Amino acid sequence: MLVRIRRDGDPQPSEITPRLLHENRRAVLKAAAAGLAAWSAPTIVDAAPATVESPVSGAARLQARPSALSTTEPLTPYKHVVGYNNFYEFGTGKDDPAARAGSLRLRPWTVAIEGEVARPRVFDIDELLRLAPLEERVYRMRCVEGWSMVIPWIGYPFAELMKRVEPTGSAKYVEFVTLADAGQMPGLRAPVLAWPYVEGLRIDEAAHALTLLTLGLYGEVLPKQNGAPVRIVVPWKYGFKSGKSLVRIRFVEKQPQTSWNLAAAHEYGFYSNVNPQVSHPRWSQATERRIGEDGFLQRKRPTLMFNGYADQVASLYAGMDLRKAF
Ligand SMILES: Nc1nc2c(c(=O)[nH]1)N[C@H]1C(S)=C(S)[C@@H](COP(=O)(O)O)O[C@H]1N2
Ligand SMILES: [Mo]
C-alpha cells in the first residue's frame, strides 16, 4: 500500500509522517543557526522518535515520500498556512476561510474529467488519493498581493492523472473548475467573481513535473481552507492559478476563460507567471513579504523570476513576450 490514511489521533510507533520530519528538520535548522550542529538532511529513518506529538489538528494523516523537487527553505509555520488564506467562496477576508470553511462537505466528492480525452472518467476522491504514490513537495508560493509562503504540499504530478485519461491531440489547454454550492459556501452570495471559480493552464504547463495534484499539506489531508479535498498547485505562477476544491477538470482546444481574467483582464492575464519585471496595476511584483517573518526588522525579499523555478520552467515560454503574455 502506498497510501495510509488514519482517522484516529494516535500515531503508531512505526508511523513517521512528513510533518514530524519537519519538526525534526526545524530543530536541526535551529541548532545549526545557533552554531551547535552542522546541517545535514535528515532521513526518514532518523526523523522522529515514536513519542513525538501528532499534528495539532488531529486530521487524517497521509504518508508521502520526500521529493528532490522540494525547496530547503524554512517552512512557513502551520498556523499561518491554515490561518491566512484566500478562498473567496468563504469570504474575502484572510481569516474568513479558516473561520467559515467548516461547512464544506468533503464526502461524497467526485472529480469529473471531461472534454478532449480518450477516457473521460469520474474519479471518486478516495480513488484519487490512491491513484499514484504521494510525494511531499515543499514549494515556494507567491500571491499576486505581494506575500509568499513555503508550504509542504502532498500530492503527485498532475501528469499522473493525465496518463490515465489520455488527452487527445486536440487537447491544448486544461480548465480547472471549483465547487460552487451556495449552501456550503457563504461567499458565493457576493458577486466578487464569476462563480464557479475557474482557472486554466496550457497543456504543457499542466503536464510539467512541478504541477501538483494536491491532496494534503504538513503530513495531513488538505484542510478545508486550503482547498480540500483536492486542488491544483502551480508554484511558478501567482497563487490564484492554483484552484481549490476541484470538482471538474476539462481538457479543451481553446484557451479557457478564467474567473480572474473575466473580472479584470488588464490585471490578471491567462499566464500569470510570477515575474518581478511585470507589475500589477496595484501591487509591485518586485519584492515580497514572507508570511511568518513579521517584525520591525523584516527585510522584503526580492521576488524571483518564475518564483525561483526558472531553471525548470523557462523553456515553456521560449520565444514568448512575457510582458504581453502576462
Ligand atoms: N476556488 C478558489 N481557489 C483559490 C482561490 C479562491 O478564492 N477560490 N484563491 C487563490 C489565491 S488568490 C491564492 S493566493 C491561493 C491561496 O492558497 P492557500 O490558502 O492554500 O495558501 O489559492 C488560490 N485558489
Ligand atoms: Mo493570491
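One can find the structure itself at the top, above this paragraph.
Note that the coordinates shown come from a computational prediction; the quantities given were computed from them, not determined experimentally. (Residues numbered from 1 in each chain as written. Chains lettered and ligands numbered in written order. Predicted model: local features only at pLDDT ≥ 70, side-chain atom pairs only at ≥ 80, totals over all residues. Heavy atoms only, no water.)

Engineer: How should the site of ligand 1 be read in this particular structure?
Structural biologist: Every one of the 17 residues lining ligand 1 counts as a neighbour, but N85, Y88, E89, R231 and K244 are closest to it. For ligand 1, an oxygen atom lies 2.8 Å from a polar atom in the backbone of Y88. When ligand 1 sits alone it has 540 Å² of accessible area, and the protein chains cover 95% of it. Along the lines of polarity and charge, the residues of the shell around ligand 1 split into seven nonpolar, seven polar and three charged. (Near = heavy atom within 4 Å. Polar contact = N/O pair within 3.5 Å; in protein donor to acceptor, adjacent residues only side chain to side chain. Areas by Shrake-Rupley, 256 points an atom, 1.4 Å probe, with all protein chains shown as cover. Nonpolar A, V, L, I, M, F, W, Y, C, P; charged D, E, K, R; others polar.)

Engineer: How should I be thinking about the nonpolar core in this particular structure?
Structural biologist: Grouped burial of nonpolar side chains is what soluble globular proteins tend to show. By size, the foremost hydrophobic cluster in this structure holds 74 residues, and its most contacted members are L128, F158 and F251. With seven residues, the top contributor of residues to this core is strand β5 (residues 147-157). Grouped together as the second largest cluster of nonpolar side chains are 10 residues, V144, Y197, Y238 and A264 included. (Core = buried A, V, L, I, M, F, W, Y, C linked by side-chain atoms within 4.5 Å. Buried < 20%, exposed > 50% of the residue type's maximum accessible area, 1.4 Å probe, protein only. Helix = DSSP H or I, 4+ residues; strand = E, 2+ residues; numbered from the N terminus.)

Engineer: Help me understand the packing of aromatic side chains, please; the structure alone is not making it clear to me.
Structural biologist: What characterises a pair of aromatic rings is the spacing of the ring centres plus the angle enclosed by the ring planes. Throughout the structure, instances matching the rule amount to 14 aromatic pairs. Pairing Y78 with Y218 gives two aromatic rings, centres 5.4 Å apart and planes at 80°, and the pair type is edge-to-face. Residue Y78 is found in helix α2 (residues 78-81), and its partner Y218 is found in the loop between β8 (212-217) and β9 (220-221); the two are separated by 140 residues along the sequence. Classification of Y78 by relative accessible area gives buried; the value is 12%. Classification of Y218 as buried rests on a relative accessible area of 0%. For the ring pair F306 and Y317, a centre distance of 5.4 Å and an interplane angle of 15° mean the geometry is stacked. Of this pair, F306 sits in the loop between β13 (301-302) and α8 (310-313) while Y317 sits in the segment after α8, and the two are 11 residues apart along the sequence. For F306, a relative accessible area of 3% translates into the label buried. In this structure Y317 comes out as buried when scored by relative accessible area, which is 3%. Here the aromatic residues Y173, F270, Y271, F306 and Y317 are joined through ring pairs into a cluster of three or more. Lying over the aromatic face of Y309, R140 brings its terminal NZ or CZ to 4.7 Å of the ring centre. Over the ring of F270 we find K241, and its NZ or CZ is 4.4 Å from the ring centre. (Phe/Tyr/Trp six-rings, centres within 6.5 Å; stacked < 30°, edge-to-face > 60°. Lys NZ or Arg CZ within 6 Å of the ring centre and 35° of its normal.)

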